Amino acid sequence: MVKPRTFGYFFESAGKSLVRNSWMTLASISTVAVSLLVLGIFLLVAVNINAVAANVEGQLQVTAHLATLSAAERGRLETEIKAIPGVTEVRFVPQSEAWQRLLEWYGDNQDFLAGWEEENPLRDSFEIRADVSHRVPEIAAAVTVLAGVEEVLWGREIVEQLLAITRMMRLVGIGLMVALALAALFIIANTIRMAIFARRREIGIMRYIGATNWFIRWPFVIEGLVLGLLGGMMAASVLAWGYYLAVRALVQAIPFWPWVQPWPFLQQLALLLLSIGVVIGILGSGLSLRRYLDA
Amino acid sequence: MVKPRTFGYFFESAGKSLVRNSWMTLASISTVAVSLLVLGIFLLVAVNINAVAANVEGQLQVTAHLATLSAAERGRLETEIKAIPGVTEVRFVPQSEAWQRLLEWYGDNQDFLAGWEEENPLRDSFEIRADVSHRVPEIAAAVTVLAGVEEVLWGREIVEQLLAITRMMRLVGIGLMVALALAALFIIANTIRMAIFARRREIGIMRYIGATNWFIRWPFVIEGLVLGLLGGMMAASVLAWGYYLAVRALVQAIPFWPWVQPWPFLQQLALLLLSIGVVIGILGSGLSLRRYLDA
Amino acid sequence: MLELSNVTKAYPNGSVALNQVNMLVERGEFVFVVGASGAGKTTLTKLLLREEKPTSGKIAINGKNIAKLRPHEVPYLRRSMGVVFQDFRLMPTWTVEENVAFAMVVVETAPRLIRRRVAEVLELVGLANKHAQLPSQLSGGEQQRVALARAIVNKPMLLLADEPTGNLDPETSWGIVKLLLDINSTGTTMLMVTHAKQIVDTLRKRVVELESGCLTRDEKCGIYHG
Amino acid sequence: MLELSNVTKAYPNGSVALNQVNMLVERGEFVFVVGASGAGKTTLTKLLLREEKPTSGKIAINGKNIAKLRPHEVPYLRRSMGVVFQDFRLMPTWTVEENVAFAMVVVETAPRLIRRRVAEVLELVGLANKHAQLPSQLSGGEQQRVALARAIVNKPMLLLADEPTGNLDPETSWGIVKLLLDINSTGTTMLMVTHAKQIVDTLRKRVVELESGCLTRDEKCGIYHG
Ligand SMILES: Nc1ncnc2c1ncn2[C@@H]1O[C@H](COP(=O)(O)OP(=O)(O)OP(=O)(O)O)[C@@H](O)[C@H]1O
Ligand SMILES: Nc1ncnc2c1ncn2[C@@H]1O[C@H](COP(=O)(O)OP(=O)(O)OP(=O)(O)O)[C@@H](O)[C@H]1O
Ligand SMILES: [Mg+2]
Ligand SMILES: [Mg+2]
């Protein structure tokens, strides 16, 4: 156990060392910053892609065309549908609304529909949404067997393709993030190891003067913390500023895209980067020292 | 000018140094490998995303519904359309084929079309493709004014959204690649600089013994080359092997997706990574030395 | 105080630096260790500091076998000694003052005491006016005196000095030797490796001679021979 | 051969290591440079090697003002000298042999000649059996002799030796001094910085004394004084 005032010395020593080895300090901080910046950028992209996938999936629905039912029968059916596990929303679409949509859909080419206005060949329907998109197929199956449902439409092929694509996007995205995070950790830790390697002689000298392992380690750990913190802060500020500007420009360019808003998301991201920087800074220097310690 | 046999010494010296500073060598090579690997992975992803974008865009087309025309008039119209700048393909779709497509589209719900079989309300049409997708709007405009064309359909809103999205994907993709490439360059160069920094005293000694700048530089440049080459090779092999396996798995999972095939693409990618490794290895060590050279 | 029994040290590459050395040093003694270049003198100090471990034999300091020390006990052994290393071992990025102070910081002396004592010791070795310089800004002899200052600053009970006057002119050397004698007279046991024939011959203290790793001479009131 | 006119060297931190030094050394002379610790002896050798530039004054070697050399000419100046540095400056990851050979590799000697000459020189300094070891595996005196071997391996026309016997016992020292005398007798100009009173007093060569940066004595057949 060291005396409290010795901690003052540790901080002083770490500070001096950071300043005097300024070249090494800059090299390390910039590596930390660049690694975390890349990681952060890709996290931003991944989160946005995920938002798109969720957006697409959220629009998937099952449409159940109904036989001609009384209001009571329809109410019972709606209750039954709502009881199916995974169903979050059931909306009744009367045949008149379906017709309106058809008219809109055809837009300028409504003459194709001429003659049908009177008899309206469409049926009443329920539009059913699922809590998670991959339950759409099973919900469709459950709805099909209910009494009063004439036909269930859910675009099997399209839904299955879309789900495959969004699943793939998520998988690839997570895979890339993990790879990138590991790479960033590795590079930062490696950089800190090299910085310590360059000072192995000094560590030896301290040992021969009678410094305990923790006495040697503390200033290095503090240095690692400062390196990680400063690098993380640089990365986080560049990222926050860049994303803020980027979203402003992108929202104008592609307004219909579900951009993830900067706040509070950026705050969490900055916190994440800072934590990573600090944790690897501390662990990296603390662990790399081991090679040069012990008797 | 050094004698030819001195080059033998340079290689020998570089080799010994790589082996004797094995710890530093491993640290540098692994950083080079990891950086290039990340760069390569994201290049793979970017190329695949680009392929998807191209695939989507390639399916964009302008449909021109025709008035009732004689074969000669139709021929003339086709020639006129082909003359529009940017048009690469013009395909005639007779009303019978259009009807078949409608039947297929409705699939199980063909009863909606019952009664129309006899009179077929659809018209003959031309399907027109563009060389680059962003010319679709101007081609549509040019086709609209031609005699014999009754109506032009090209899904203005959808096409414009799609184009905005694919353009954005490309922009973001290129931006990320550039950022990542710069980061990789920076990190690799920085690592090499740190490795040289750890040997600055040795460089001083060589200078005091009367070694010229190039005499000192050559072994370091060779070391840089070897570091870059080995790191690049490691990255390229992991990447090639990984992508080969990944595509095999992905093609099964999502067969309809336009996966970029491993060959010859991977070969070019491997070459690219190797070149980057070698070039930064050489430049990084050559340039970092300058600080410690000169009188 | 210090006892070596049949100490042998063979380095991993096979060279035998010490061969069956026996030696007993009482508290407060002043011992010169002499011998040709490569005789094993520095190796002896390295063993005492536990920088190296003996291949065989036993080394006891204050009755404690230092080969048996556990890793976390080693720093405490080292703090009980002051060492002037042959290659100085100064921290290159620390000032003279910081280098000397470090030995006191390690044992957690109060900063106020450190400042006073460091100034005092730098005065003793004649470097008071260089206290803020880096080792790279000092002459060889000045660096050696910084190393000496660091070794004595804690008033250690055992002082190992490996050629502490090797880079010093005769006059400065005598100043340093007088300083070491003073320290010795306050009870510090002194082991001084040296090639300075004149000093050894003048002081007539105990002399231990090594020849190719073997202890060949151990005389009270000895001379350098040569 | 070697001429210093009004050479002053003040380091950036203000300490004046040499002050208006004038000195003329003829080809083939043997000169001892003596003086207290910190007198400026090492600074003098650093100036001759152009490791440092003089603040004012002119240094000519073979009639050429070395302060005016362009950066790419400096290595050729250095090749014409052999230097034993006070801190040895051996490459830590190179063997003894490689360290010595490097001085010959730099001037692109044929490998066959290098091997023969290196073996010969290591024999001369008494390290033939340590040729494959790393500097860290040598004693202080052995490292110093490697530095000496490297300095003489090319038979330089000027040899600067900064305390080449500082880490050596008297007997080995005399061996080295005889070697230096031999080399000197083949025409090599010799500048030897030393604190070894006995050697200077015995040889009675030219002695130059520095005191706090000033040249205070320059005697043919001088003694150490001190
Ligand atoms: N780390 C090592 N590995 C291998 N051999 C070593 C090592 N250190 C020293 N030696 C050898 O052990 C012998 C004794 O070395 P030591 O340093 O103890 O000599 P010394 O008496 O201090 O000599 P000097 O007066 O020259 O400093 C020498 O021959 C040396 O080459
Ligand atoms: N790089 C430097 N920066 C500042 N001052 C320096 C530097 N190098 C040497 N000095 C100072 O210049 C003076 C002369 O130093 P020099 O190394 O020439 O002494 P020296 O005669 O070789 O002494 P010694 O016998 O102790 O080796 C000393 O006071 C030293 O502190
Ligand atoms: Mg020794
Ligand atoms: Mg000197």
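Residues numbered from 1 in each chain as written. Chains lettered and ligands numbered in written order. Predicted model: local features only at pLDDT ≥ 70, side-chain atom pairs only at ≥ 80, totals over all residues. Heavy atoms only, no water.

## Here's the deal with the overall build of chain C
Working step 1: When you go through chain C residue by residue, the secondary structure sums to seven helices and 10 strands.
Working step 2: The C-alpha atoms of chain C give a radius of gyration of 17 Å, which matches the 17 Å a tight globule of 226 residues would have.
Working step 3: A total of 226 residues make up chain C; the buried ones form 61% of that total.
Working step 4: Put simply, 68% of the contacts in chain C that link residues at least 6 apart link residues at least 24 apart.
Working step 5: Summed over its atoms, the accessible surface of chain C is roughly 8800 Å², and 52% of this surface lies on carbon and sulfur atoms.
Working step 6: Taken together, the 28 basic and 23 acidic charged side chains of chain C have centroids lying 6 Å from each other. (Helix = DSSP H or I, 4+ residues; strand = E, 2+ residues; numbered from the N terminus. Rg over C-alpha atoms; globule rule 2.2 N^0.38 Å. Buried < 20%, exposed > 50% of the residue type's maximum accessible area, 1.4 Å probe, protein only. Contact = heavy atoms within 4.5 Å. Areas by Shrake-Rupley, 256 points an atom, 1.4 Å probe, with all protein chains shown as cover. Lys, Arg positive; Asp, Glu negative; His and termini not counted. Charge placed at Lys NZ, Arg CZ, Asp CG, Glu CD.)

## Considering the coordination of the magnesium ion (ligand 4)
Residue and element names in this part refer to chain D.
Working step 1: Donor atoms from the polypeptide that bind the magnesium ion (ligand 4) are T42 (OG1) and Q86 (OE1), placed at 1.9 to 2.2 Å. Linking T42 in helix 1 (residues 41–48) with Q86 in the loop between strand 6 (81–84) and helix 3 (96–106), this pair joins segments that are 44 residues apart in sequence.
Working step 2: With relative accessibility at 21%, the residue T42 sits in the partly exposed group.
Working step 3: For Q86, a relative accessible area of 14% gives the class buried. (Donors = N, O, S within 2.8 Å, 3.2 Å for Na, K, Ca; no water.)

## Some words on the pattern of salt bridges
Working step 1: Per the stated rule, a full pass over the model turns up 44 salt bridges over all chains.
Working step 2: We note a salt bridge from B:R123 to B:E151, for which the minimum N-O separation is 3.2 Å. Here B:R123, found in the loop between helix 4 (95–106) and strand 3 (125–130), pairs with B:E151, found in strand 4 (residues 149–153); they are 28 residues apart in sequence, far enough to count as distant.
Working step 3: For C:K9, the salt bridge is made with C:E52, and the minimal N-O distance between the two is 3.4 Å. Here C:K9 is found in strand 1 (residues 2–10), whereas its partner C:E52 is found in the loop between helix 1 (41–48) and strand 4 (56–61), with 43 residues between them in sequence. (Salt bridge = Lys/Arg side-chain N within 4 Å of Asp/Glu carboxyl O.)

## Here's the deal with the confidence of the model for chain A
Working step 1: Overall, the predicted model of chain A reaches an average pLDDT of 86, with 94% of residues at or above 70.
Working step 2: The lowest-confidence element of chain A is helix 4 (residues 95–106) of chain A, averaging 75 in pLDDT; the highest-confidence one is helix 7 (residues 200–209) of chain A, averaging 94. (pLDDT = per-residue confidence, 0-100.)

## Topic: the interface of chain D and chain C
One widely used convention gives an interface's size as the accessible area the parts lose upon coming together.
Working step 1: Listed per partner, the contact involves 26 residues of chain D and 26 residues of chain C.
Working step 2: Carbon and sulfur atoms supply 42% of the area that chain D and chain C bury against each other, a total of about 1900 Å² over both sides.
Working step 3: Among the residues chain D hides against chain C, the three largest losses belong to D:S37, D:N167 and D:D169. Together they make up 25% of the total.
Working step 4: Linking chain D to chain C there are zero salt bridges.
Working step 5: Counting across the chain D and chain C interface gives 10 residue pairs in polar contact (both at pLDDT 80 or more).
Working step 6: Secondary structure elements with two or more residues in the side of chain D that touches chain C: helix 5 (140–152) and helix 6 (170–185) of chain D.
Working step 7: For the side of chain D that touches chain C, a count of residues per class yields four nonpolar, 15 polar and seven charged. (Buried area = accessible area lost by both parts, 1.4 Å probe. Polar contact = N/O pair within 3.5 Å; in protein donor to acceptor, adjacent residues only side chain to side chain. Nonpolar A, V, L, I, M, F, W, Y, C, P; charged D, E, K, R; others polar.)

## Observations concerning the side chain of C:T189
Residues and elements named next belong to chain C.
Working step 1: Looking at where T189 falls in the secondary structure, it is placed in strand 8 (residues 189–193).
Working step 2: Residue classification places T189 among the buried residues on the basis of a relative accessible area of 1%.
Working step 3: Not counting residues within four places of it along the chain, the set of residues in contact with T189 comprises M1, V25, E26, R27, G28, E29, M157, L158 and L159.

## A closer look at the site of ligand 2
Working step 1: In the neighbourhood of ligand 2, 23 residues make up the surrounding shell, with C:S139, C:G141, C:E142, D:T42 and D:T43 lying closest.
Working step 2: More than a single chain frames ligand 2: its nearby residues are located in chains C and D.
Working step 3: One of the side-chain N or O atoms of C:S139 is found 2.6 Å from an oxygen atom in ligand 2.
Working step 4: Between ligand 2 and D:K41, the relevant distance is 2.7 Å, taken from an oxygen atom to a main-chain nitrogen or oxygen of the residue.
Working step 5: Burial of ligand 2 by the protein chains amounts to 95% of its free accessible area of 630 Å².
Working step 6: Looking at the shell around ligand 2, the elements that each hand over two or more residues are helix 5 (140–152) of chain C together with helix 1 of chain D.
Working step 7: Of the residues belonging to the shell around ligand 2, the class tally is four nonpolar, 15 polar and four charged. (Near = heavy atom within 4 Å.)

## Description of the pairing of strand 1 (residues 62–66) of chain B
Residue and element names in this part refer to chain B.
Working step 1: Burial analysis of strand 1 places five of its five residues in the buried class, which makes it a mostly covered element.
Working step 2: Side chains V62, A64 and L66 project from strand 1 onto one buried face, and the interleaved T63 and H65 project onto a second face that is buried too.
Working step 3: The pairing of strand 1 with strand 4 spans four bridges and is antiparallel. Opposite H65, over in strand 4, you have E151 as the bridge partner. (Pairing = 2+ DSSP bridges.)

## Side note on the relation of the copies chain B and chain A
Working step 1: Between the two copies, chain B and chain A, the superposition gives an RMSD of 0.1 Å; the rotation angle is 180° and the shift along the axis is 0.0 Å. The transformation just described matches what one would write down for a two-fold rotation axis. Using C-alpha coordinates, one finds that chain B approaches the rotation axis most closely at B:A198, a distance of 2.5 Å.
Working step 2: Taken together, the interface assignments show that 100% of the residues at the interface of chain B recur at the interface of chain A, consistent with an identical surface on both copies. (Least-squares fit on C-alpha atoms with pLDDT ≥ 70 in both.)

## Re the sheet that holds strand 4 of chain B
Picture the strands of a sheet paired through backbone hydrogen bonds; they go either parallel or antiparallel.
Residue and element names in this part refer to chain B.
Working step 1: Pairing is antiparallel across the open sheet formed by four strands, whose spatial order is 2-3-1-4. Every other strand in the sheet has two partners, leaving strand 2 (87–93) and strand 4 as the edge strands with one partner each. Going from strand to strand, the sheet's axes swing by 20° on average, the running direction of each strand aside.
Working step 2: Inspection of the sheet shows strand 2 paired to strand 3 by six bridges, in the antiparallel sense. Residue V87 lies in a different strand from strand 3, and its bridge partner there is A130.
Working step 3: Along the sheet, helix 5 (residues 136–144) contacts strand 1, strand 2, strand 3 and strand 4; its crossing angle with strand 4, the most-contacted strand, is approximately 165°. (Axes fitted to C-alpha atoms, helices over the stretch in contact; angles between N-to-C directions.)

## Here's the deal with the arrangement of the chains
Working step 1: The interface with the highest contact count, out of four pairs of chains in contact, is the one between chains A and B.
Working step 2: Chain A makes no contact with chain D; the smallest distance between any of their C-alpha atoms is 12 Å.

## Some details on the packing of aromatic side chains
Any two aromatic rings considered together are summarised by their centre-to-centre distance and by the angle between their planes.
Working step 1: All told, the structure shown has 29 aromatic pairs over all chains when counted by the stated rule.
Working step 2: Three or more aromatic residues joined by ring pairs make a cluster, and in this case those are A:F7, A:Y9, A:F10, A:W214, A:F215, A:W218, C:W94 and C:F102.
Working step 3: Of note, A:R74 hangs over the ring of A:F92, and the distance from its end group to the ring centre comes to 3.8 Å.
Working step 4: Sitting above the plane of the A:F197 ring, A:R200 keeps its charged end 4.0 Å from the centroid. (Phe/Tyr/Trp six-rings, centres within 6.5 Å; stacked < 30°, edge-to-face > 60°. Lys NZ or Arg CZ within 6 Å of the ring centre and 35° of its normal.)

## Focus: the interface of chain B and chain A
Working step 1: Contacts between chain B and chain A engage 44 residues on the former and 44 residues on the latter.
Working step 2: Buried surface at the junction of chain B and chain A, summed over both partners, amounts to about 4100 Å²; 81% is from carbon and sulfur atoms.
Working step 3: Linking chain B with chain A are zero salt bridges.
Working step 4: Among the secondary structure elements, those contributing two or more residues to the side of chain B that touches chain A are helix 2 (22–58), helix 4, strand 4 and helix 6 (156–197) of chain B.
Working step 5: In terms of residues, the side of chain B that touches chain A owes the most to one element, helix 6 of chain B, which gives 17 residues.
Working step 6: The residue inventory of the side of chain B that touches chain A, partitioned by class, reads 33 nonpolar, eight polar and three charged.

## Let's talk about the environment of C:S173
Residues and elements named next belong to chain C.
Working step 1: Tracing the backbone through its elements, the reader meets S173 in helix 6 (residues 170–185).
Working step 2: The class for S173 is buried, based on a relative accessible area of 5%.
Working step 3: Distance from S173 to N65, taken between C-alpha atoms, is 34 Å for residues 108 residues apart in sequence.
Working step 4: If sequence neighbours within four positions are ignored, S173 has contacts with T165, L168 and I199.
Working step 5: Separated by 3.4 Å, the side chain of S173 and the backbone oxygen of L168 make a polar contact.

## Here we look at the domain arrangement of chain C
All names here are of chain C.
Working step 1: Structurally, chain C comprises domain 1 (1–80 + 157–226) and domain 2 (90–155).
Working step 2: One C-alpha centre belongs to domain 1, the other to domain 2; they are set 23 Å apart.
Working step 3: Between domain 1 and domain 2, the contact holds 14 residues from the first and 12 residues from the second.
Working step 4: The contact between domain 1 and domain 2 buries some 1000 Å² in all, and 70% of this surface belongs to carbon and sulfur atoms. (Domains from an automatic or database assignment.)

## Observations concerning the relation of the copies chain D and chain C
Working step 1: Relative to chain C, chain D is turned by 180° and slid 0.0 Å along the rotation axis, the superposed coordinates differing by an RMSD of 0.0 Å.
Working step 2: By residue overlap, the copies meet face to face through one surface: 96% of the interface positions of chain D are interface positions in chain C.

## Examining the site of ligand 1
Working step 1: As a structural note, the neighbourhood of ligand 1 is formed by 23 residues, with C:T42, C:T43, D:K130, D:S139 and D:G141 the closest of them.
Working step 2: Site remark: ligand 1 is flanked by residues from chains C and D.
Working step 3: Between ligand 1 and C:A39, the relevant distance is 3.2 Å, taken from an oxygen atom to a main-chain nitrogen or oxygen of the residue.
Working step 4: C:T42 is positioned such that a nitrogen or oxygen atom in its side chain is 2.6 Å from an oxygen atom of ligand 1.
Working step 5: With the chains in place, 94% of the 630 Å² that ligand 1 exposes on its own is no longer accessible.

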